[in-house]
Amino acid sequence: MKVSSIRLAMPMAILAIFFSAAGRAEERQSLQAKIEYCTTCHGSSGQGYHGFYPIPRLGGQQAQYIENQLRAYIEHRRENKYMYSVAHVLSPAIRTALAKHFSELNPKPMGGAPKGLVATGKKIYEDGIPETNVPACMACHGSEAKGQGAIPRLAGQLNDYIISKLLNWNSERGRDPARPDISAIMLPTSHNLTKAQVAAVAAYVAYLR
Ligand code: HEC
Ligand code: HEC
């Protein structure tokens, strides 16, 4: 290496270190700002919000599932006007960091579901309804409803949110025929459950920690 290029390489290396440190600091700041933004709707510890438009719990949700859903909103595979606006500006690195952050929270379930439905809901969750081809939810979502990877946690999820998702599955998910996704797994189940059965299973998981 010539002396002149060594002289240039040194300051370049120092500059590169400086800029990547500054970049990381900026990323941390914007991550913190984003977390605060998410919690204005999803609750201060990601516990969700019971309202006219129920906002789902993110606390303790599977990180991979969170990332998948953010991507699905951006790619219009999952339709929701609020979350499209929120998600399409997030960089992939921030999406990963947000998913990790919320997956590590463990807020108490908000409750509020009709307690009288819990026993029926537990039975559906654990045994399914063989007569109408409803599989046991437990087979995929796990015995404690904590989910795994791309399969979401349902424990502690708001019952009104779950009800609205299961009753509207095919108008909200898997919306790009050119890009079929994992949401197709839930389509027959969402069709085969009656409204009363949906309300029961939603009440059961809403109280699980
Ligand atoms: C203006 C309110 C609002 C803000 C701000 C907001 N969300 Fe949401 N979010 C919603 C609503 C409403 C839904 C339910 C949408 C639906 O049913 O598809 C939702 C759904 C989600 C889901 C899908 C959850 C599931 O169980 O499938 C994820 C993941 C999510 N939001 C992440 C975030 C993240 C991360 C942020 C911050 C960058 C954020 N949200 C900011 C309102 C908001
Ligand atoms: C064969 C595996 C499988 C079975 C059985 C199953 N699920 Fe799912 N479920 C999934 C997958 C995978 C997803 C994620 C879909 C996506 O990414 O859009 C999901 C998503 C969901 C969601 C959306 C959660 C959210 O946060 O938006 C609900 C609600 C749900 N399932 C309820 C149930 C119920 C109730 C049962 C039993 C009656 C059940 N599931 C049985 C695999 C399964």
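Small disclaimer: the values here were computed from a predicted structure and weren't measured.

### Topic: the site of ligand 2
Here comes step 1: Around ligand 2 lies a shell of 24 residues, among which C137, C140, H141, R173 and M186 are the nearest.
Here comes step 2: Y65 has a polar side-chain atom sitting 3.1 Å from an oxygen atom of ligand 2.
Here comes step 3: Here an oxygen atom of ligand 2 and a side-chain polar atom of Y161 are 2.6 Å apart.
Here comes step 4: The dominant element in the shell around ligand 2, judged by the number of residues it contributes, is helix α7 (residues 159-167), at four residues.
Here comes step 5: Class assignment of the residues belonging to the shell around ligand 2 gives a composition of 18 nonpolar, four polar and two charged.

### Brief notes about the site of ligand 1
Here comes step 1: Around ligand 1, the surrounding shell holds 22 residues, and the nearest of these are C38, C41, H42, M83 and K165.
Here comes step 2: Within the side chain of Y65, a nitrogen or oxygen atom sits 2.6 Å from an oxygen atom of ligand 1.
Here comes step 3: The side chain of K165 places a nitrogen or oxygen atom 2.4 Å from an oxygen atom of ligand 1.
Here comes step 4: Of all the elements in the fold, those that place two or more residues in the shell around ligand 1 are α1 (3-42), α2 (63-74), α3 (81-87) and α7.
Here comes step 5: It is α2 that contributes the most residues to the shell around ligand 1, five residues altogether.
Here comes step 6: Of the residues in the shell around ligand 1, the class split is 16 nonpolar, four polar and two charged.

### Some details on the coordination of the iron atom of ligand 2
Here comes step 1: Bound to the iron atom of ligand 2 on the protein side are H141 (NE2) and M186 (SD), at distances that span 2.1 to 2.3 Å.
Here comes step 2: One can describe the donor arrangement at the iron atom of ligand 2 as octahedral, given that its six donor atoms subtend angles of 83 to 180° at the metal. With H141 in helix α6 (residues 138-141) and M186 in the loop between α8 (169-172) and α9 (187-192), this pair connects stretches of sequence that are 45 residues apart.
Here comes step 3: Classification of H141 by relative accessible area gives buried; the value is 10%.

Basis of the calculations
Residues numbered from 1 in each chain as written. Chains lettered and ligands numbered in written order. Predicted model: local features only at pLDDT ≥ 70, side-chain atom pairs only at ≥ 80, totals over all residues. Heavy atoms only, no water. Near = heavy atom within 4 Å. Polar contact = N/O pair within 3.5 Å; in protein donor to acceptor, adjacent residues only side chain to side chain. Helix = DSSP H or I, 4+ residues; strand = E, 2+ residues; numbered from the N terminus. Nonpolar A, V, L, I, M, F, W, Y, C, P; charged D, E, K, R; others polar. Donors = N, O, S within 2.8 Å, 3.2 Å for Na, K, Ca; no water. Tetrahedral: all angles 85-135°; square planar, octahedral: opposite > 155°, others 65-115°. Buried < 20%, exposed > 50% of the residue type's maximum accessible area, 1.4 Å probe, protein only.

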